[in-house]
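Observations on the model geometry
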Amino acid sequence: MKNNKRLQRKYFRFTSACAHWQIESALSLLQFYTMKVITWNINGIRTFRSGIKRALDSLDADIICVQETKVTRDLLDERTAIVDGYNSYFSYSRGRSGYSGVATYCKDSATPFAAEEGLTGLLTNHEGAVGCYGDHTEFSSEELQLLDNEGRAIITQHKVMCQDKEQTLTVINVYCPRADPEKPERKQFKLQFYKLLQCRAEALLKDGSHVIVLGDVNTSHRQIDHCDPSDADDFGENPGRKWLNGFLHSLTEEEDRDEEEHDEESEVTDPVNGGKFVDTFRYFHPSRTNAFTCWSTLTGARQTNYGTRIDYIFANYQLAKEQFVAADIMPEVEGSDHCPVWGQLSCSLLPSSKPPRLCTRYLPEFAGKQQKLSHFLVKVDQKSIESEQKKDLPGSQEEEERRENLNPLGAGNNASKKRLLTSDTVIPKGKKTKTANTSSKPQGSLLSFFKPKLTNVKHCEKATSGDEVTSSHSDQISSSTKQESSVSDAVAADTERVFDTTAETDKKMKHLTPQPAVGHSEAKKGATLGFWKSVLHGPPPPPCCKGHGEPCVLRTVKKDGPNMGKQFFVCARPQGHASNPEARCNFFAWVDKGK
């Protein structure tokens, strides 16, 4: 009996060790054979202040998609565009500087074989484009151009190994427009962008590629994705949410864990349950609350987690069900008003041997193909210039660069003409202006604008004749030295009172203004302080809010309307739900103009 128990214990230990070894082996193999994608609205490329390579490495992903870079091609520097170990792809806003923009960074081990800017195909002027644009009959040519003009999409296409089979994976990095309530045309623009995105994604899916759509969609899908859905009027009637309902496959908790096999058609789409794509976060966390990705920085709402979930990783149904192993948000990562969202797949990436033409390393300014300064000073063969012009540049400023580099000889002639013009004068123009300024009447001090003029200064002005004013520079110095000395003394005295510079001006000041005694220094300071307070009105003292009894914070209305520019006081605490006692109370008070 005892021997049987010993054998059972040994057998249990052996099986436990085997199970533990199998779990560790499975995890290590999973880590080796998986790929990771991340999306993050960085609210400006300057978010990576500690260095973009360090930031990318810390995210530890194969494909990193960022939105709202706020960089145009002329502002893109080499440190941002060329990162060791990565190849990058940028889309820029054509209309506004410091606005919109997206970028995708791929590790060298995840180099795509095709890449493209925009959703319409109108920005494609190079080899290695993705293709599959779908049906654009619902859009006018002007609409298509406007929808791609703000730098809101980058598409990369990769080869992956899924279940020992090589397949194509297309990653669409998007920054969807925000619907400004004050601009009805932007609401329509946003809906048109959604339709164009769906058209392109479904066309790629129909062509046989797996598709991931990720980025800032700028719409919270369900009430669970919003901090206070009761605040929004007709939450479910929002056009953006209606579009998401049709775009996404509505999964139930039973479907999420259903292991039954489906035929190929039902895996791609289920007409009963809606669209062809899956919200991967809700696929793994169907009922998690307070899972937000965006907070208002103006109200400090991140401290109370008063936000929305508007950043997503969407995947086609088959890919989400068969290849995705995890997805989650990263609210602990700061630096932006959004946080990153990541997803992990069990398939492995097959890198291309060469990046596609859209890669930033091929841009002339980074590839060492820009014209040098010497090209503008020597004669260049026009045939070589024309042959270079026929080659399309992959960026948004192709036409401008062509015009600048078209005629280097003309630039040299213009430069020689400028040199001839400047050689006629011996003294530089800047020095002439400086000499004239020194001989003119000295500039008054700041105090002279707030105090009455002195009587002796007025007397000197009356004594000055018209001939002395209109005479030449040398005659003024010789004939009006005595009359202008009192004026300059008065001005120097004013300057002394502001800056207190030299002892010599103190002596000149004595005959203009009486000097206070040493014992009256405190009274002098008080008088000066009172004078400046009467001239420069500071902010009014803040009242205390009624909810917490704490000093309020001063705000200014920046929204267009009758109250624009007006100031008001609100509770200084961060914004939060009304039921949260640590959040901002509802105190509000306009600033009285008389104060």
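These figures come from a predicted structure and were not determined experimentally.

Quick look at helix H6 (residues 239-247)
- Buried residues of H6: Gly240, Arg241, Trp243, Leu244 and Phe247, and no others. Looking straight down H6, one finds that the buried residues subtend no more than 155° of arc, so they occupy a single side.

What about the nonpolar core?
- Met35, Ile63, Ile212 and Phe324 are the most contacted members of the largest nonpolar core, which has 42 residues in total.
- Those residues in contact with Ile212 that lie beyond four places of it in its chain are Leu169, Thr170, Val171, Ile172, Ile313, Phe314, Ala315, Leu319, Phe324 and Leu345.
- Counting 29 residues, the second largest nonpolar core, distinct from the first, contains Leu119, Tyr194, Trp243 and Leu248.

A word on the UniProt feature "active site" (unreviewed entry) in the chain
- What UniProt calls "active site" (unreviewed entry) maps, in this numbering, to Tyr175, Asp216 and His338. Spanning 164 residues, the named residues form one tight spatial group whose C-alpha atoms are at most 12.6 Å apart.
- One can find Asp216 in strand E8 (residues 210-216).
- Of note is the side chain of Asp216, whose polar atom sits 2.9 Å from the side chain of Asn41.
- With respect to the helices and strands, the residue His338 is situated in the loop between strand E13 (324-329) and strand E14 (341-345).

Re the pattern of salt bridges
- Applying the stated rule across the entire model yields 17 salt bridges.
- Across the pair Glu116 and Arg200 runs a salt bridge whose closest N-O atoms are separated by 3.2 Å. Separated by 84 residues along the polypeptide, Glu116 in strand E5 (residues 114-117) and Arg200 in helix H5 (residues 184-206) bring together distant segments of the chain.
- Here Lys559 ties to Glu182 by a salt bridge, and the two come within 3.1 Å at their closest N and O atoms. Residue Lys559 is found in the loop between strand E16 (553-556) and strand E17 (567-570), and its partner Glu182 is found in the loop between strand E7 (165-175) and H5; the two are separated by 377 residues along the sequence.
- Bridged by salt links that share partners, the residues Asp225, Asp279, Arg282 and Arg309 form one connected network.

Re the sheet that holds strand E1 (residues 35-41)
- One open sheet holds the six strands; their spatial order is E3-E4-E2-E1-E14-E13, and the pairing between them is mixed. Two strands close off the open sheet at either side, each with one partner strand: strand E3 (86-91) and E13. Pairwise comparison of adjacent strand axes, ignoring direction, gives a mean angle of 10° for this sheet.
- When E1 meets strand E2 (residues 63-67), the two strands line up parallel, connected through five bridges.

Regarding the sheet that holds E16
- The three strands are arranged E16-E17-E18 in an open sheet whose pairing can be described as antiparallel. The sheet is open, and its two borders are formed by E16 and strand E18 (588-590), each paired with just one other strand. Each strand axis lies, on average, 30° off the axis of its neighbour in the sheet, ignoring direction.
- Bridge analysis of E17 against E18 gives three bridges, and the strand direction is antiparallel. Across the sheet, Val570 pairs through a bridge with Phe588, a residue of E18.

With respect to the environment of Glu166
- Structurally, Glu166 is set in strand E7.
- For the pair Glu166 and Cys347, spaced 181 residues apart in sequence, the C-alpha to C-alpha distance is 9.7 Å.
- The residues contacting Glu166, other than those within four sequence positions of it, are Lys159, Val160, Met161 and Leu350.

A word on the side chain of Thr156
- Looking at where Thr156 falls in the secondary structure, it is placed in strand E6 (residues 153-162).
- Thr156 sits in the buried class, given a relative accessible area of 0%.

Focus on the pairing of strand E12 (residues 311-316)
- Of all the six residues making up E12, six are buried; the element is thus mostly covered by neighbouring parts of the structure.
- Side chains Asp311, Ile313 and Ala315 project from E12 onto one buried face, and the interleaved Tyr312, Phe314 and Asn316 project onto a second face that is buried too.
- Both strand E9 (residues 277-279) and E12 contribute to a ladder of three bridges, which runs antiparallel. From the neighbouring strand, Asp279 faces E12, where its bridge partner is Phe314.

About the thresholds
Residues numbered from 1 in each chain as written. Predicted model: local features only at pLDDT ≥ 70, side-chain atom pairs only at ≥ 80, totals over all residues. Heavy atoms only, no water. Buried < 20%, exposed > 50% of the residue type's maximum accessible area, 1.4 Å probe, protein only. Helix = DSSP H or I, 4+ residues; strand = E, 2+ residues; numbered from the N terminus. Arc of directions from axis to C-beta. Core = buried A, V, L, I, M, F, W, Y, C linked by side-chain atoms within 4.5 Å. Contact = heavy atoms within 4.5 Å. UniProt positions renumbered as here; feature names shortened; annotations may be inferred. Polar contact = N/O pair within 3.5 Å; in protein donor to acceptor, adjacent residues only side chain to side chain. Salt bridge = Lys/Arg side-chain N within 4 Å of Asp/Glu carboxyl O. Pairing = 2+ DSSP bridges. Axes fitted to C-alpha atoms, helices over the stretch in contact; angles between N-to-C directions.

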